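# Report on the structure
The primary structure of each chain is shown beneath.
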Amino acid sequence: MKLLDTSALIEIDRGDLERAKRLDDEGRHALNQVTVTEMFMGIEYKYERNTEAYREAREQLERLLSRFKIIQIDRSISIESAKIMSDLRKIDKPLHDLHDIYIAATGVERNLELLTKNPGHFRNIEGLEVREWKEY
């Protein structure tokens, strides 16, 4: 099982069928609940509520999300997030995006390889295996 961050999920949503098929062939993969929030934020920013386009975008996103296991932020992920933030601060490389911290902590805590278009966001996080989306 792999963990996808928001940037990788957006690529699937935009039609990267080759990598989506490869993921599907491997089995079910995971998302952190933060990625779900970020994807719905995209719809909220792009569409006017209660329009047909808004409803269609939400339905399409729900179909996409149903392909993944959604991992909630639990106590162990919260604790790992605190460790990551502390470790990054100690090396003067703080990551100010709490969403990325939660995603990284999920990968570390659940021992999941992270697929992302933005590997640089995660490069200083000890114990996190990161693979760039285009190399997958």
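As annotated in an unreviewed UniProt entry, the protein chain is Twitching motility protein PilT from candidate division MSBL1 archaeon SCGC-AAA259E17. On record in UniProt, under Sequence similarities (unreviewed entry), the comment for the protein chain is "Belongs to the PINc/VapC protein family." Word for word, the UniProt comment on the protein chain under Cofactor (unreviewed entry) is "Mg(2+)".

## Digging into the UniProt feature "domain: PIN" (unreviewed entry) in the protein chain
The sites that carry the UniProt feature "domain: PIN" (unreviewed entry) are, in the present numbering, residues 3-125. With 61% helix and 11% strand, residues 3-125 has end C-alpha atoms that lie 15 Å from one another.

## Comments concerning the packing of aromatic side chains
The geometry of an aromatic ring pair is captured by the separation of the ring centres together with the interplanar angle, meaning the angle of the planes. Evaluated as defined, the whole model comprises 1 aromatic pair. The ring centre of Tyr 136 lies 5.2 Å from the NZ or CZ of Arg 22, which sits over that ring.

## Observations regarding the packing of helix H3 (residues 33-46) against helix H4 (residues 52-65)
Each pair of packed helices can be summarised by the angle the axes make with each other and by the distance between the axes. The N-to-C vectors of H3 and H4 enclose an angle of 160 degrees; their axes lie 10 Å apart at closest approach. Accordingly, the angle class assigned to the pair H3 and H4 is roughly antiparallel. Here H3 runs over H4; the crossing is right-handed. Contacts between H3 and H4 involve Val 36, Met 39, Phe 40, Ile 43 and Glu 44 on the former and, on the latter, Tyr 54, Ala 57, Arg 58, Leu 61, Glu 62 and Leu 65. A breakdown of the residues in the contact of H3 with H4 according to their chemical character gives 8 nonpolar, no polar and 3 charged.

The rules behind these values
- Residues numbered from 1 in each chain as written.
- Predicted model: local features only at pLDDT ≥ 70, side-chain atom pairs only at ≥ 80, totals over all residues.
- Heavy atoms only, no water.
- UniProt positions renumbered as here; feature names shortened; annotations may be inferred.
- Helix = DSSP H or I, 4+ residues; strand = E, 2+ residues; numbered from the N terminus.
- Phe/Tyr/Trp six-rings, centres within 6.5 Å; stacked < 30°, edge-to-face > 60°.
- Lys NZ or Arg CZ within 6 Å of the ring centre and 35° of its normal.
- Axes fitted to C-alpha atoms, helices over the stretch in contact; angles between N-to-C directions.
- Parallel < 35°, antiparallel > 145°, perpendicular 65-115°, else oblique.
- Left-handed = near helix turned anticlockwise from the far one by under 90°.
- Contact = heavy atoms within 4.5 Å.
- Nonpolar A, V, L, I, M, F, W, Y, C, P; charged D, E, K, R; others polar.

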